[in-house]
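Summary of structural features
One letter stands for each residue in the lines below.
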Amino acid sequence: MSEHRFKTVAVVGAGLVGLGWAIVFARSGLKVSIFDGSEEIRNGAIARLRRSLEDMEQYGLVENVGDIVQRFHVVDTLSEAVKDADYIQESVLERVNVKTAVSREIALAMRSNAICGSSTSGIPGSEFTADIPSRDRFLVVHPVNPPHLIPLVELVAAPWTDASIVPLVRQEMERMGQSPIAVNSEIPGFVLNRLQGALLNEAWALYAEGTASLEDIDTAVSRGLGRRWSFMGPFETIDLNAPGGIADYAQRLAPLYHSIAESRRPKQWPADVVQRAELDRRSVLAEEDLAKRSIWRDQRLMALNAAFLTQARARQHGSSEA
Ligand SMILES: NC(=O)c1ccc[n+]([C@@H]2O[C@H](COP(=O)([O-])OP(=O)(O)OC[C@H]3O[C@@H](n4cnc5c(N)ncnc54)[C@H](O)[C@@H]3O)[C@@H](O)[C@H]2O)c1
């Protein structure tokens, strides 16, 4: 497969996620053409990329920011961005009609053997690629925000995606330092947002009924569940939470979890509860400070990634000495 290695890539849609992808590609040495429908976003893209990369450099996550920035090319049309690309990452607005129109435009402009991955958070690819040319070259490649700091990527093929494409994209994502997983059916929300959805639905219910404050529910995750979740998943967690492992845990606690599930009925998040949550959040973080706090979040993620990197290097050093 090495002859299919991506060398030139295109990013279509340069918002939060598109720019994160641009960093993933460029830090691996790839040339990245960037297009966004908004001239304002295009004009600000390089400065935003440079700022993120300089922060990453402070945490030892990248070197030679100037060389990486040289690999970005912001262009004025979609066709110019994708015409020479081996791989295209589409990250435009999460609307079926927008994704359909942009995917068609990409298909008409891209090389016949190029591949296009969509960042969609949960729309099955077959809902927006059914009637476009070269639909066998399209799949979903769903990242977590921000993609340059959180490695998980969900790969979801449509029924018509060429069978060679998922293994090839998986290999290329691994080469770039991402952690791909295969989602074997086009289930809406895929795996990540279905798991997140289960937690959010329960968080809204606990908040709505007043069982705990919004802040305390966040603390239960940030200081509780999340501490383990940054390096192990729910199955490994419960395997270690009973002396006899996962089956022992299931035997001890399955009735509790069943009764919890039975106590809830699915429902929309109520508008008045969302409004109350908005007031709670705005009392601790003003709307104009959201962007600043996102930079803080990214820096916390950088510190965490730096710790993981130090640990991995120490392990590697230890094994080469052994
Ligand atoms: N934000 C997240 O947490 C997250 C996580 C994973 C995946 N995603 C997915 O990534 C995609 C992008 O989300 P985002 O959060 O970056 O949104 P965003 O609003 O920050 O960026 C979207 C960009 O697309 C551009 N755009 C819109 N229509 C276009 C068109 N026709 N042609 C070219 N550019 C166009 C907009 O100008 C904007 O800059 C969505 O599909 C979203 O569901 C988002």
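Anything mentioned here points back to the structure above.
Presented here is a report on the structure given in the accompanying data block. (Residues numbered from 1 in each chain as written. Predicted model: local features only at pLDDT ≥ 70, side-chain atom pairs only at ≥ 80, totals over all residues. Heavy atoms only, no water.)

Let's shift gears to the site of the ligand. Close to the ligand lie 22 residues; Val17, Asp36, Glu94, Lys99 and Ser121 are nearest. Asp36 places a side-chain nitrogen or oxygen 2.6 Å from an oxygen atom of the ligand. Contact between the ligand and Val92: an oxygen atom at 3.2 Å from a main-chain N or O atom of the residue. Protein contacts shield 73% of the accessible area of the ligand, which totals 840 Å² for the unbound molecule. Listed by contribution, the elements that provide at least two residues to the shell around the ligand are helix H1 (16-27), helix H5 (96-109) and strand E6 (138-143). Per-element accounting of the shell around the ligand gives the leading share, three residues, to H5. Tallied by class, the residues present in the shell around the ligand amount to nine nonpolar, ten polar and three charged. (Near = heavy atom within 4 Å. Polar contact = N/O pair within 3.5 Å; in protein donor to acceptor, adjacent residues only side chain to side chain. Areas by Shrake-Rupley, 256 points an atom, 1.4 Å probe, with all protein chains shown as cover. Helix = DSSP H or I, 4+ residues; strand = E, 2+ residues; numbered from the N terminus. Nonpolar A, V, L, I, M, F, W, Y, C, P; charged D, E, K, R; others polar.)

Side chains of Glu215, Asp216, Asp218 and Asp280 sit close together on the surface and give a patch of like negative charge. When residues in the negative patch are grouped by element, the largest group, three residues, is from helix H9 (residues 214-229). Along the chain, Glu215 turns up in helix H9. By relative accessible area, which is 58% here, Glu215 ends up exposed. (Patch = residues over 30% accessible without salt bridge, like charges linked within 9 Å, V, L, I, M, F, W, Y side chains within 5 Å. Salt bridge = Lys/Arg side-chain N within 4 Å of Asp/Glu carboxyl O. Lys, Arg positive; Asp, Glu negative; His and termini not counted. Charge placed at Lys NZ, Arg CZ, Asp CG, Glu CD. Buried < 20%, exposed > 50% of the residue type's maximum accessible area, 1.4 Å probe, protein only.)

Attention now goes to the packing of helix H8 (residues 192-208) against H9. Where H8 contacts H9, the axes come no closer than 10 Å and their chain directions differ by 150°. The angle between H8 and H9 places the two elements in the roughly antiparallel class. H9 is crossed by H8, and the crossing has right-handed handedness. Contacts between H8 and H9 involve Leu199, Ala203, Leu206 and Tyr207 from the first element and Leu214, Ile217, Val221 and Trp229 from the second. Broken down by class, the residue content of the contact of H8 with H9 amounts to eight nonpolar, no polar and no charged. (Axes fitted to C-alpha atoms, helices over the stretch in contact; angles between N-to-C directions. Parallel < 35°, antiparallel > 145°, perpendicular 65-115°, else oblique. Left-handed = near helix turned anticlockwise from the far one by under 90°. Contact = heavy atoms within 4.5 Å.)

Once that is clear, we can look at the sheet that holds strand E8 (residues 179-183). Spatial strand order, E3-E2-E1-E4-E5-E6-E7-E8: eight strands in an open sheet with mixed pairing. The strands lining the two open edges of the sheet, one partner per strand, are strand E3 (72-74) and E8. In this sheet, neighbouring strand axes are inclined to one another by 25° on average, regardless of whether the strands run parallel or antiparallel. Note that strand E4 (residues 87-90) and strand E5 (residues 115-118) share four bridges and pair parallel. Within the sheet, the bridge partner assigned to Ile88 lies in E5 and is Cys116. (Pairing = 2+ DSSP bridges.)

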